[in-house]
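Observations on chain architecture
For reference, the chains in residue letters:
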Amino acid sequence: LSNQQKISESPLSQFREMYLPPALRPLNKTLVKGDEWKDVSSAQEKRRSFLYDFCKKYNSRKKLRTHLVHVVSRIYVEDRHKVLYCEVPKAGCSNWKRVLMVLNGLATSAHNISHDDVHYGKHLRKLDSYDLKGIYTRLNTYTKTIFVRDPLERLVSAFRDKFEHPNSYYHPVFGKAIIKKYRHNANEEALKTGSGVKFKEFIQYLLDSHRPVGMDIHWEQVSKLCYPCLINYDFIGKFETLEEDANYFLQLVGAPVELKFPKFKDRHSSDERTSAEVVRQYLKELSKEERQLTYDFYYLDYLMFNYTSP
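Parameters and conventions
- Throughout this description, residue numbers start from 1 for each chain and increase along the sequence as written.
- Restriction of local features to residues with pLDDT of at least 70 applies here, the model being predicted, together with a cutoff of 80 or more for giving and counting side-chain atom pairs; totals for whole chains, interfaces and linings are based on all residues.
- Only hydrogens and water are set aside when side-chain values are computed; all heavy atoms of the structure are taken into account.
- UniProt positions are given in the numbering used here, feature names are shortened, and annotations may be inferred rather than shown by experiment.
- Put simply, DSSP marks the helices as runs of H or I at least four residues long and the strands as runs of E at least two long, and each gets a number from the N terminus on.
- Buried means the residue's accessible area, taken with a 1.4 Å probe over protein chains only, is under 20% of the maximum for its type, while exposed means over 50%, and partly exposed covers the values in between.
- By definition in these notes, contact holds between two residues if any of their heavy atoms fall within 4.5 Å.
- The Shrake-Rupley method, run with a 1.4 Å probe, gives the accessible areas here. Residue values count only the displayed protein chains as cover.
- Buried Ala, Val, Leu, Ile, Met, Phe, Trp, Tyr and Cys residues form a nonpolar core when they are joined through side-chain atoms within 4.5 Å.
- Just so you know, the domain bounds were taken from an automatic or database domain assignment.
- The rule for a salt bridge is simple: a side-chain nitrogen of Lys or Arg has to be within 4 Å of a carboxyl oxygen of Asp or Glu.
- Axis geometry follows a simple rule: fit a line to the C-alpha atoms, using only the stretch in contact for helices, then measure angles between N-to-C directions, giving values from 0 to 180 degrees.
- An angle below 35 degrees is treated as roughly parallel, one above 145 as roughly antiparallel, one from 65 to 115 as roughly perpendicular, and anything else as oblique.
- The handedness criterion is simple: a crossing whose near helix is rotated anticlockwise from the far helix by less than a right angle is left-handed, and one whose near helix is rotated clockwise is right-handed.
- All amino acids are sorted into three groups, where Ala, Val, Leu, Ile, Met, Phe, Trp, Tyr, Cys and Pro are nonpolar, Asp, Glu, Lys and Arg are charged, and the leftover types, Gly among them, are polar.
- One confidence number per residue, pLDDT, is output by the predictor and ranges from 0 to 100.
- Two strands qualify as a pair provided DSSP detects at least 2 bridges between them.

Going by the annotation in an unreviewed UniProt entry, the name recorded for the protein chain is Carbohydrate sulfotransferase, with Chauna torquata given as the source organism. According to its UniProt record, the protein chain has this under Sequence similarities (unreviewed entry): "Belongs to the sulfotransferase 2 family." Turning to the protein chain, the UniProt annotation filed under Subcellular location (unreviewed entry) states: "Golgi apparatus membrane".

Laid out in structure tokens, this is it:
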């Protein structure tokens, strides 16, 4: 290797050789006002300690084998309030991106930002767009947050959103491939449009080690989206307590007092929200073995975030 190559590779190789997880640092609560956040704060400390202990137990001798830029590729940056947010789809991410746009001065209110603006507007920077020094500095000094959801609720929510409503991307790309491989005697219309994928077919695709199409962020495991044992997230929010967690977090980072986390459902607002009961109805379509394998697929996510197995 030339000296130049050695110099450019050294920061990454140092990162790869680090033993994980990193130290759990105390949460700075100096900007939080009033006693109303006591319970949320207490729940937060428990989640942080739980994840830290989990990572210590399961990851103590593992070295990082993934490229740093890939590890941070789902993390959005808000420089004004020094926030890093790792996007977990189907766990309030659209409204979180709206909030980040307001914090960043790109919008005055979270309520008048369209779905397309949020997801396709390219208004927010991701951490992998910075150079190595910029990545390290932000990882070490910004408040890092992740919001998660019960894994099977998140999975069913993704299926309902992408396959039960018209979709110009998921039907032709995923739907066609899924129907072609897993539906015997599929008719011409289904093969042509990719519409009407059944939940059982979707699960067959998910569990297939030779999938006809790759994974997608909407149903990828959180352990592979946000690497919670490699990045020491300062704040772990849950979809189940989304509003109170989010509004407490906004206090922690010194957001404007008038900024509150939006309550509205981003799309398909007339649909019933995906709840534990809705999930049960979908799981009935699967065999006992398929249900077990689907749980196994998300086993790490269940463990890391202390969710009860279904």
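Read on for the rest.
Within the protein chain one finds 15 helices and 5 strands. Residues counted as buried form 50% of the 310 residues belonging to the protein chain. For the protein chain, the proportion of contacts with a sequence separation of at least 24, taken over those separated by at least 6, is 74%. As presented, the protein chain carries roughly 16100 Å² of accessible surface, and 51% of it is formed by carbon and sulfur atoms.

Glancing now at the nonpolar core. One finds Phe202 and Trp219 to be the most contacted residues of the largest nonpolar core, which totals 62 residues. Two domains each put at least three residues into this core: domain 1 (37–151 + 220–305) and domain 2 (154–207). Residues in contact with Trp219, not counting those within four places in the same chain, are Arg154, Leu155, Ala158, Lys162, Phe163, Tyr170, Phe174, Phe202, Tyr205, Leu206, Phe297 and Tyr298. In this structure, Leu27, Val99, Val102 and Val253 belong to the second largest nonpolar core, which totals 32 residues.

Attention now goes to the pattern of salt bridges. In this structure the tally under the stated criterion is 15 salt bridges. Residue Arg138 pairs with Asp79 through a salt bridge whose shortest N-O separation is 3.1 Å. One end of the pair, Arg138, is in helix α6 (residues 132–141); the other, Asp79, is in the loop between β1 (75–78) and β2 (83–86), with 59 residues separating them in the sequence. Owing to a relative accessible area of 15%, Arg138 belongs among the buried residues under this scheme. Residue classification places Asp79 among the partly exposed residues on the basis of a relative accessible area of 31%. A salt bridge links Lys200 to Glu290; its shortest N-O distance comes to 2.8 Å. With Lys200 in helix α10 (residues 199–207) and Glu290 in helix α14 (residues 288–297), this residue pair connects regions lying 90 residues apart in the sequence. You can call Lys200 partly exposed: its relative accessible area is 32%. A relative accessible area of 13% means that Glu290 is categorised as buried. Connected through salt bridges with shared partners, the residues Arg25, Lys144 and Asp234 form a single ionic network.

Below, the discussion takes up the packing of helix α4 (residues 93–103) against helix α12 (residues 242–252). Running from N to C, α4 and α12 point in directions that differ by 20°, and their axes come no closer than 13 Å. Classed by the angle they form, the pair α4 and α12 counts as roughly parallel. The way α4 lies across α12 gives a crossing that is right-handed. Where α4 abuts α12, its residues Trp96, Val99 and Leu103 lie against Leu242, Ala246, Phe249 and Leu250. When its residues are assigned to classes, the contact of α4 with α12 shows 7 nonpolar, no polar and no charged.

Another point: the confidence of the model for the protein chain. In this model, the protein chain carries a mean pLDDT of 88, and residues with pLDDT of at least 70 account for 87%. Segment residues 1–20 is flagged for pLDDT under 50; beyond a separation of four residues in sequence, or across chains, it makes 26 contacts in the model.

This next bit is on the environment of Glu285. With respect to the helices and strands, the residue Glu285 is situated in the loop between α13 (276–283) and α14. A C-alpha to C-alpha distance of 6.3 Å links Glu285 and Lys200, two positions 85 residues apart in sequence. Those residues in contact with Glu285 that lie beyond four places of it in its chain are Phe199 and Lys200.

Further remarks concern the sheet that holds strand β3 (residues 125–126). On the basis of which strands lie adjacent, the open sheet formed by 5 strands has the order β3-β1-β2-β4-β5 and mixed pairing. Since the sheet does not close on itself, it has two edges, and those belong to β3 and β5 (235–238), each with one partner. Each of β2, β4 (143–148) and β5 is contacted by α12, which is oriented at about 155° to β5, the strand it contacts most.

All right, on to the pairing of β4 then. For β4, a buried count of 5 out of 6 residues is recorded, marking the element as mostly surrounded by other parts of the structure. Two elements, β2 and β4, share 4 bridges in a ladder whose sense is parallel. Bridging from a neighbouring strand, Val83 pairs with Thr143 of β4. For β4 and β5, the ladder comprises 4 bridges, and the chain directions are parallel. The residue bridging Ile146 from the neighbouring strand is Ile236, located in β5.

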